[in-house]
Each structure stands twice: as structure tokens, then as C-alpha cells.
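Commentary on secondary and tertiary structure
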Amino acid sequence: EAGVTQSPTHLIKTRGQQVTLRCSPISGHTSVYWYQQALGLGLQFLLWYDEGEERNRGNFPPRFSGRQFPNYSSELNVNALELEDSALYLCASSSSRLAGGNEQFFGPGTRLTVL
Amino acid sequence: GENVEQHPSTLSVQEGDSAVIKCTYSDSASNYFPWYKQELGKRPQLIIDIRSNVGEKKDQRIAVTLNKTAKHFSLHITETQPEDSAVYFCAAPYSGNTPLVFGKGTRLSVIA
């Protein structure tokens, strides 16, 4: 069974640009979560999607947004990039959190560098 | 909302000794408590979890204990090995079916 996949693996952007990160969950999982992990820091919750809808978002500005597609894959968009957006962006999936699904499986992450 | 505090932030132990990492949570309705291990340059991986109806769970050299009254849970690693060196994260959900809140992590170093 394939695990959670993310693309691209690495990305370099300049301040003010926009970026789109992609995530494919494990087959059968409907919940997708996005986390930001800055160097040496913990996992900061960004967004949660379940069954195509945004269910919760963390304490991040509106320039962080995303969506979930009918096949449950997801995109994270970041507009007007700032230097402090440089981080590892992790996607995780689980069976439906709304139905009590708990165990989250993480993808390998996308390393974003903003210059 | 949920607040998860994790201690210590760094921990060094001699190979073969035990390591204990403790987390406290604030929301008494939290019902699921996982522990993740993240090796350098790799993704976090679930190593053990416990639900609120259980006080202790063991899996070979690792165990997790939960004290619902005191609202804390701990990870215990016995007979530590160099490959146990990693960052460990605890987590708890906001109440009910909500996303996980992660602790800030503990960097464990096992010295051979």
C-alpha cells in the first residue's frame, strides 16, 4: 500500500511569490492535514480537510489556503511569500476524523526555501 | 483549545539506560494520545498511541502511560539503543474529533 506522497520535494522561491504544494493521502483516507515545521521547531497545525471541506485551520494568516479535491488529494497555497515561510511543510492523512479516525500518517514533506 | 506541554526539550542517556518523556494537556475531553518519532531528515512516524480508556500500553521496549486525573501522559523507552536517537513528539486532540495539537518535541540522544 502506497503511503502519503507529497510534491515537490524541494522548492526555492523569492519573497512575494506564490507557491502550491501537493499531497496525496493513503488510499481510503479522507482527512488531510497540513503542518509547518520550521527548522528545529515543532509541528504547527495549518489546515484540516475532510470530505472535501475545510474543517479547521490553525493560527496562520489568510495567505495560507488550500483545498481538497474529490479524490481527497489536497493542495496548500501560500501567497505573498515571506522569508519566515521557509520551512518543511508536512502533509498527513487519516481515515475520517469526523468519524473518529485518529492515526495520522505523514508524507515526506516539501522543503520550501524563501530567498 | 488544547495546550500540550512537553518536557524535557533535550535528553541524553547512556545506551542501555531508560528514557522518559512527559507531556501534559489541558482539555479533559481529549481522548487520544499518540507519540511520534522523527529521525533527522525524515517524516514523523507513529510509534505508539493510547486512548483515554486505557492507563498503559506497551510495545516491546516502548510504553506509554496515561493519568487522566492529572492530565499527563508519558513515553518510556527501556534499554535504549543508538537508533532511538531522534526527536519525539507527543500530541493530543482538541476535544472530540478535532486535529491534533503537538508538543514542541524532545531531542533524545543515546550515547554509545
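One can find the structure itself at the top, above this paragraph.
Residues numbered from 1 in each chain as written. Chains lettered and ligands numbered in written order. Predicted model: local features only at pLDDT ≥ 70, side-chain atom pairs only at ≥ 80, totals over all residues. Heavy atoms only, no water.

1. Some details on the overall build of chain A
- The secondary structure content of chain A amounts to 0 helices and 11 strands.
- For chain A, the succession of helices and strands along the chain, N to C, is β-β-β-β-β-β-β-β-β-β-β.
- Based on the C-alpha atoms only, the size of chain A along its principal axes is roughly 40 × 25 × 25 Å.
- Contacts in chain A between residues at least 24 apart in sequence constitute 54% of all its contacts with a sequence separation of at least 6.
- If you average the places of the 9 positive and of the 10 negative side-chain charges in chain A, the two averages end up 7 Å apart. (Helix = DSSP H or I, 4+ residues; strand = E, 2+ residues; numbered from the N terminus. Contact = heavy atoms within 4.5 Å. Lys, Arg positive; Asp, Glu negative; His and termini not counted. Charge placed at Lys NZ, Arg CZ, Asp CG, Glu CD.)

2. Digging into the packing of aromatic side chains
- Per the counting criterion, the structure on display carries 12 aromatic pairs over all chains.
- Taken together, a centroid distance of 5.2 Å and an interplanar angle of 65 degrees make the contact between Phe60 of chain A and Phe64 of chain A edge-to-face. Assigned by exposure class, Phe60 of chain A and Phe64 of chain A land together as buried.
- An angle of 65 degrees between the planes, with centres 6.1 Å apart, marks the rings of Phe106 of chain A and Phe102 of chain B as edge-to-face. Of this pair, Phe106 of chain A sits in strand 10 (residues 105–106) while Phe102 of chain B sits in strand 10 (residues 100–102), which puts the two residues in different chains. Note on accessibility: Phe106 of chain A and Phe102 of chain B belong to one class, buried.
- Here the aromatic cluster, defined as three or more aromatic residues joined through ring pairs, consists of Tyr35, Phe45 and Phe106 of chain A together with Tyr36 and Phe102 of chain B. (Phe/Tyr/Trp six-rings, centres within 6.5 Å; stacked < 30°, edge-to-face > 60°. Buried < 20%, exposed > 50% of the residue type's maximum accessible area, 1.4 Å probe, protein only.)

3. So, the interface of chain A and chain B
- Counting residues at the interface gives 21 residues for chain A and 17 residues for chain B.
- Regarding the contact of chain A and chain B, the summed buried area is about 1,600 Å², with carbon and sulfur atoms giving 54% of it.
- Here chain A is connected to chain B by 3 residue pairs in polar contact (both at pLDDT 80 or more).
- Within the residue set of the side of chain A that touches chain B, elements represented by two or more residues are strand 4 (31–37), strand 5 (44–50) and strand 9 (87–94) of chain A.
- Examining the composition of the side of chain A that touches chain B, we find that 3 residues originate from one element, strand 4 of chain A, more than from any other. (Buried area = accessible area lost by both parts, 1.4 Å probe. Polar contact = N/O pair within 3.5 Å; in protein donor to acceptor, adjacent residues only side chain to side chain.)

4. A closer look at the nonpolar core
- Ranked by internal contacts, the top residues of the largest apolar core, which has 24 residues, are Phe33, Trp35, Phe73, Leu75, Ile77, Tyr88 and Leu108 of chain B.
- Setting aside chain neighbours within four positions, we find Tyr88 of chain B in contact with Gln6, Ile21, Tyr36, Lys37, Ile47, Leu75, Ile77, Gly105, Thr106 and Leu108 of chain B.
- Counting 21 residues, the second largest nonpolar core, distinct from the first, contains Leu11, Val19, Leu76 and Val78 of chain A. (Core = buried A, V, L, I, M, F, W, Y, C linked by side-chain atoms within 4.5 Å.)

5. Here's the deal with the pairing of strand 2 (residues 10–14) of chain B
Residue and element names in this part refer to chain B.
- On strand 2, burial follows the alternation: Leu11 and Val13 on one face are buried, whereas Thr10, Ser12 and Gln14 on the facing-out side are not.
- Pairing analysis gives 5 bridges linking strand 2 to strand 11 (residues 106–111), with the strands arranged parallel. Residue pairing in the sheet places Val13 in a bridge with Val110 of strand 11. (Pairing = 2+ DSSP bridges.)

6. A short note on the side chain of Thr30 of chain A
- Along the chain, Thr30 of chain A turns up in the loop between strand 3 (19–24) and strand 4.
- Ignoring any residue separated from it by four or fewer positions in sequence, one finds Thr30 of chain A in contact with Tyr49, Asp50, Glu51, Gln68, Tyr72, Ser94, Ser95 and Ser96 of chain A.

7. Describing the pattern of salt bridges
- All chains considered together, the criterion is met by 7 salt bridges over all chains.
- Arg22 of chain A is the partner of Glu75 of chain A in a salt bridge, and the nearest nitrogen-oxygen pair spans 3.6 Å. Of this pair, Glu75 of chain A sits in strand 8 (residues 74–78) while Arg22 of chain A sits in strand 3, placing them 53 residues apart in sequence.
- Among the residues examined, Glu75 of chain A registers a relative accessible area of 10% and is labelled buried.
- When its relative accessible area of 42% is taken as the criterion, Arg22 of chain A is described as partly exposed.
- The salt bridge partner of Asp49 of chain B is Lys57 of chain B, with a shortest N-O separation of 3.0 Å.
- Of the residues examined, Asp49 of chain B reaches a relative accessible area of 12% and is grouped as buried.
- Through salt bridges with shared partners, one network takes in Arg22, Arg67 and Glu75 of chain A. (Salt bridge = Lys/Arg side-chain N within 4 Å of Asp/Glu carboxyl O.)

Distances and angles like these do not, on their own, reveal function.
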